Amino acid sequence: MATITSALVKELRERTGAGMMDCKKALVNCDGDMDKAIDFLREKGLAAAAKKAGRIAAEGMVDCYVEGNVGVVVEINCETDFVANTDNFKALCRDYAKHIVVKAPATVEEMLAQPFYADETKTVNDLIGEATAAIGEKISLRRFARFEAKNGMVDTYSHMGGRIGVMVELAADEVTDEVKTMSHDLVMHIAAANPQFVRRDEVPSDNLAKEREVLTQQALNEGKPAKIVERMVEGRIEKYYKEVCLLEQPFVKDPDISVKKMLNGKCDVVRFVRFERGEGIEKRVNDLAADIAAEQAKMKK
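Okay, so let's go over this structure. (Residues numbered from 1 in each chain as written. Predicted model: local features only at pLDDT ≥ 70, side-chain atom pairs only at ≥ 80, totals over all residues. Heavy atoms only, no water.)

**A short note on the sheet that holds strand 6 (residues 152-159)**
In sheet architecture, strand pairing relies on hydrogen bonds along the backbone and comes in two forms, parallel and antiparallel. Filter applied, for reference: Any two strands between which DSSP finds at least two bridges are classified as paired. We count a stretch as a helix when DSSP gives it H or I for four or more residues in a row; a strand needs E for two or more, and each element gets its number in order from the N terminus. Simply put, an axis is a line fit to the C-alpha atoms, just over the touching stretch for a helix, and the angle between two N-to-C directions goes from 0 to 180 degrees. Any two residues having at least one pair of non-hydrogen atoms within 4.5 Å are treated as being in contact.
Here 3 strands make up an open sheet; going across it, the order is 6-7-10 and the pairing antiparallel. Looking at the sheet topology across the chains shown, the edges are occupied by strand 6 and strand 10 (268-276). If you compare each strand with its neighbour and ignore which way they point, the axes differ by 10° on average. Pairing of strand 7 (residues 164-171) with strand 10 involves 8 bridges; the strand directions are antiparallel. Paired with Ala171 across the strands is Asp268, a residue of strand 10. Running over the sheet, helix 9 (residues 177-193) touches strand 6, strand 7 and strand 10 and is turned about 140° from strand 7.

Here it is in structure tokens:
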């Protein structure tokens, strides 16, 4: 049995562009033979998948799934909305959501290395490689959240076909129909209002310090006397809390009351997450004129 060194794995990765784990597995299966390992990766579709690694995957969907007292929100990205709307891609997202419920990975890296819950002969990373090769676009598992309610319930909401996904965990002595209705209203509110924290004691001190600095400068720029600026800033900080803290936000279905008042002591919010598909990913902007000029330059060579 050949010794599979890190240098050998690195070389195979550089020659094929496949993932490190896939390269190591290929070398093990091929007893360290580089050429056979390359063929192995090509046969599995992993080398072809790697060629797409430089593309930007900012489309896709945020899938939400609840099983019992466990809920999951997961974002899977692809390159085009056409693929994102196919049944195969949607089924892939649901498979990953179910995997997270069953296997409870702590991180994306841990999940990729786990044997897939429905077929433990393959890892989750294997399935992504196969899907990338079959679909013809870069597929990536970006992020997920998993909540397990100990005393209450988990609820989710998917908005606009997976553009936004929300999950909330509620604590309640009894999960009544009234609590379920409140939960449904709450996840829809979170999708619309985009709070950052549940309650004000969760706001980081750095955030507050920065906000106070900005508000103080605003007040001074308005020509307010220094002796009343501090009072003005504290009043505006209260407004800031109502913008970013879920329980203090005006309830979207009845802005005259806060979310906390809407819940009316029937339940309490433990935590929530809100994923918006592709947020923070820089999308490539195609410049048709530049593309044509580049092609023409190639033809002249």
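**Here we look at the state of the cysteines**
In plain terms, the rule: Pairs of cysteine sulfur atoms within 2.5 Å are what we label disulfides. When a residue's accessible area, from a 1.4 Å probe over protein chains only, is under 20% of the maximum for its type it is buried; when over 50% it is exposed; and in between it is partly exposed.
Per the stated rule, a full pass over the model turns up 0 disulfides. Cys93 provides the cysteine sulfur closest to Cys78, a residue in no disulfide bond, and the two sulfurs are 7.8 Å apart. Using a relative accessible area of 0% as the deciding quantity, one classes Cys78 as buried.

**Concerning unusual backbone geometry**
The backbone phi angle of Ala104 is positive, close to 50°, even though this residue is not glycine. For Ala104, the position within the fold is in the loop between helix 6 (87-103) and helix 7 (108-113). On the accessibility criterion, Ala104 (35% relative accessible area) is partly exposed. The phi angle at Asn194 is positive, at roughly 50°, despite the residue not being glycine. The topology assignment puts Asn194 in the loop between helix 9 and helix 10 (205-221). When its relative accessible area of 32% is taken as the criterion, Asn194 is described as partly exposed.

**What about helix 6?**
Applied cut-off: In a helix, the anticipated span is given by 1.5 Å times the number of residues less one.
For helix 6, with 17 residues, the first-to-last C-alpha span of 24 Å sits near the 24 Å given by 1.5 Å per residue. Just beyond helix 6, the residue with positive phi is Ala104, at close to 50°.

**Let's talk about the sheet that holds strand 5 (residues 140-148)**
Spatially, 1-2-5 is the arrangement adopted by the 3 strands of the open sheet, whose pairing is antiparallel. The sheet is open, and its two borders are formed by strand 1 (59-67) and strand 5, each paired with just one other strand. Averaged over all pairs of adjacent strands, the angle between strand axes in this sheet comes to 10°, irrespective of strand direction. Across 9 bridges, the pairing between strand 1 and strand 2 (residues 70-78) is antiparallel. Paired with Met61 across the strands is Ile76, a residue of strand 2. Running over the sheet, helix 6 touches strand 1, strand 2 and strand 5 and is turned about 45° from strand 1.

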